[in-house]
Amino acid sequence: MPSRRNLFMTAGTLAAAAVGKSALAALPDPVLQTKADTMPPLVPGSGRPYNPVVTLNGWTLPWRLNNGVKEFHLVAEPVVREMAPGFKAHLWGYNGQSPGPTIEVVEGDRVRLFVTNKLPEHTSIHWHGQRLPNGMDGVSGLTQPPIQPGKTFVYEFIARRPGTFMYHPHADEMTQMAMGMMGFWVTHPRQKNPLIDEVDRDFCFLLNAYDIEPGSATPKIMTMLDFNLWSWNSRIFPGIDSLNVRRGNKVRIRIGNLTMTSHPIHLHGHEFVITGTDGGPTPKSTRWYEVTTDIAVGQMRQLEFIADEEGDWAFHCHKSHHTMNAMGHDVPTMIGVDHRGLARKITQLVPDYMVMSERGMADMTEMEMQIPDNTTPMMTGQGPYGSVEMGGMFTVLKVRRDQAPGDYRDPGWYKPPAGTTAFEWTGTLAEPARFKSEGGASMPPVARPRIDTEVKVRKPGAGSSQHKH
Ligand SMILES: [Cu+2]
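Scope of this entry: the structure provided in the associated data block.

Here is what the cut-offs are and how they apply
Residues numbered from 1 in each chain as written. Predicted model: local features only at pLDDT ≥ 70, side-chain atom pairs only at ≥ 80, totals over all residues. Heavy atoms only, no water. Helix = DSSP H or I, 4+ residues; strand = E, 2+ residues; numbered from the N terminus. Buried < 20%, exposed > 50% of the residue type's maximum accessible area, 1.4 Å probe, protein only. Contact = heavy atoms within 4.5 Å. Donors = N, O, S within 2.8 Å, 3.2 Å for Na, K, Ca; no water. Phe/Tyr/Trp six-rings, centres within 6.5 Å; stacked < 30°, edge-to-face > 60°. Lys NZ or Arg CZ within 6 Å of the ring centre and 35° of its normal. Pairing = 2+ DSSP bridges. Axes fitted to C-alpha atoms, helices over the stretch in contact; angles between N-to-C directions. Polar contact = N/O pair within 3.5 Å; in protein donor to acceptor, adjacent residues only side chain to side chain. Salt bridge = Lys/Arg side-chain N within 4 Å of Asp/Glu carboxyl O.

**Focus: the overall build of the protein**
(1) Moving on: The helix and strand tally for the protein stands at four helices and 23 strands.
(2) Moving on: Buried residues in the protein amount to 48% of all 469 residues.
(3) Moving on: A separation of at least 24 residues holds for 74% of the contacts in the protein among residues at least 6 apart in sequence.

**Some words on the coordination of the copper ion**
(1) Moving on: At this site the copper ion is bound by His263 (ND1), Cys317 (SG) and His322 (ND1), with donor distances of 2.0 Å.
(2) Moving on: Read N to C, the donor residues that coordinate the copper ion are spaced as H-x53-C-x4-H. Remark: His322 occurs in the loop between β20 (311–317) and α3 (340–349) and His263 occurs in strand β15 (residues 263–267); sequence separation between them is 59 residues.
(3) Moving on: Taking the relative accessible area as the measure of exposure, His263 reaches 0% and is therefore buried.
(4) Moving on: Classification of His322 as buried rests on a relative accessible area of 1%.

**Examining the environment of Lys398**
(1) Moving on: Mapped onto the fold, Lys398 is located in strand β23 (residues 394–400).
(2) Moving on: Accessibility expressed as a relative area gives 4% for Lys398, which makes it buried.
(3) Moving on: Counting along the chain gives 14 residues from Lys398 to Gly412, while the straight-line C-alpha distance between them is 8.6 Å.
(4) Moving on: Among residues more than four places away in sequence, those in contact with Lys398 are Ser242, Leu243, Asn244, Val245, Gly311, Asp312, Asp410, Pro411, Gly412 and Trp413.

**A short note on the packing of aromatic side chains**
(1) Moving on: Tallied over the entire structure, the rule returns 14 aromatic pairs.
(2) Moving on: A centroid spacing of 6.1 Å and a plane angle of 55° characterise the contact between Trp63 and Phe72, whose relative ring orientation is tilted. As far as the burial class goes, Trp63 and Phe72 line up, both buried.
(3) Moving on: Geometrically, the ring pair formed by Phe205 and Phe315 is edge-to-face, given 6.3 Å between the ring centres and 80° between the ring planes. Linking Phe205 in strand β11 (residues 201–210) with Phe315 in strand β20, this pair joins segments that are 110 residues apart in sequence.
(4) Moving on: Given a relative accessible area of 0%, Phe205 falls into the buried group.
(5) Moving on: With a relative accessible area of 1%, Phe315 lands in the buried category.
(6) Moving on: Among the aromatic residues, those joined into a cluster by ring pairs are Tyr94, Trp127, Tyr155, Phe157, Tyr167 and Trp185.
(7) Moving on: Here the basic side chain of Lys70 rests over the ring of Trp63, its NZ or CZ set 4.6 Å away from the ring centre.
(8) Moving on: If you follow Arg201 out to its NZ or CZ, it ends over the ring of Tyr408, 4.7 Å from the centre.

**Some details on the sheet that holds β20**
(1) Moving on: Read across the sheet, five strands follow the order β13-β23-β20-β15-β18 without closing on themselves; strand pairing throughout is mixed. At either end of the open sheet lies a strand with only one pairing partner, and these are β13 (243–246) and β18 (292–295). Neighbour to neighbour, the strand axes of the sheet diverge by 20° on average, direction disregarded.
(2) Moving on: Relative to β23, β20 is paired through six bridges, and the arrangement is antiparallel. Note that in β23 the partner of Asp312 across the bridge is Lys398.

**A closer look at the sheet that holds strand β5 (residues 103–106)**
(1) Moving on: Strands sit in the order β5-β10-β9-β7 across an open sheet of four strands; the sheet is mixed. At either end of the open sheet lies a strand with only one pairing partner, and these are β5 and β7 (126–128). Strand-to-strand twist in this sheet, taken as the mean axis angle between neighbours without regard to direction, amounts to 25°.
(2) Moving on: Two elements, strand β9 (residues 163–168) and strand β10 (residues 183–188), share five bridges in a ladder whose sense is antiparallel. Residue pairing in the sheet places Gly163 in a bridge with Thr187 of β10.

**Considerations on the side chain of Ser98**
(1) Moving on: Its location among the elements puts Ser98 in the loop between β4 (87–94) and β5.
(2) Moving on: Engagement of the side chain of Ser98 in a polar contact is seen with the side chain of Ser234, the distance being 2.9 Å.
(3) Moving on: Not counting the four nearest positions on each side in its chain, Ser98 is found in contact with Val79, Arg81, Leu91, Trp92, Gly93, Gly180, Tyr210, Asn233 and Ser234.

**Topic: unusual backbone geometry**
(1) Moving on: Note the cis peptide between Ser98 and Pro99, where omega equals -5°.
(2) Moving on: The phi dihedral of Asn67 is positive, around 50°, even though this residue is not glycine.

**Some remarks on the pattern of salt bridges**
(1) Moving on: Counting across every chain of the model gives 20 salt bridges.
(2) Moving on: Between Arg64 and Glu71 there is a salt bridge, and its shortest N-O distance comes to 2.7 Å.
(3) Moving on: Across the pair Asp312 and Arg400 runs a salt bridge whose closest N-O atoms are separated by 2.6 Å. With a gap of 88 residues between them, Asp312 in strand β20 and Arg400 in strand β23 connect regions that are remote in the sequence.

It is worth stressing that arrangement in space is one thing and function is another; only the former is reported here.
Structure follows, in structure tokens:
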């Protein structure tokens, strides 16, 4: 049996704490994590060797090798998760965090998982995507009785297929997933597999979503679709760490979707292929290059690419409202509406009245808005050239020629070579040539509208410059 101290050392600054030692003498001590930092890869101290993954704003759970069986101890419990600097949510998770720690094993490993329930209600864990005996599948009521509060259950099976998996409750699922109970699982191949390439950096994270009213800290659990916080591993940009790689690295990113909608995940500057799903490695004939891949509810995808372009490359969900943080969506579009006169009248009655989004929503980032405590401003990511005007499911892939192998630290902002950055044109502007048959139609209309209507768009210089915000 390897010394647990060694496992902690390899996990870097892992804040470890043992609970209930006497009560659980025969079980591995549960290891807890209190921070939302991206932990360095956990190099295996026992068992078969493998190339560990890096969990975005997360960590891998150390195990105990007991007569050749890898033993893990998961504790389902209420947690406080810092979703972004200064914004803490009261969630449910495992071992101190939401999502729970990543489980990493090797194909063929016999795995024993102790699951202790410290929630106020029963739970279970379903090992999504695994081949296992039916009674280990974790569907409460169908394959096992639920794990009651205070009880510990044991799951045991052989990790038969290499690949990308996840775990989550299969008991009061809508509540427990809305509260953040989920985790990643990676089964590394036992030997060289023609469909699984070796990579230099292997990242993983789960897509999740919450509905937390501004000013409060606990998610609304009855929300079906209208979530207001779109997160990666229960973090929202700018709270999501960047993915830092060395130029020329072969990079794998494993993503699982436990939200209630699909997410078209988009990478700038590179093309990737999908090398695996939760069903296993994809046949080579099915791989084509793309820059966006849609990940449906309950699906997992592995994307792979060579990071051969230096820079700070945006990496985000392409649904634009998923790169926003807490917002009210019942706000009418005010672009082009000049309501200065109206605003003045309302201000006489309501002194704090403020008109929103008259010139688009970018104004929001410039306004010193009064927001409730424990609420994250809508768009706050600050890049080297100003606000990125993004939140939620957004981060940056940082590719650097001098990023040392094995170094996952943030290298800071990219400094582009002179003459390779978009710049302001200061010469004269010619009138744009208009297409002659502009405003045409496929066939004549039956009747013209009685009165022509026109959508007015205000342009810079057409009055808006006097507008103070
Ligand atoms: Cu999305």
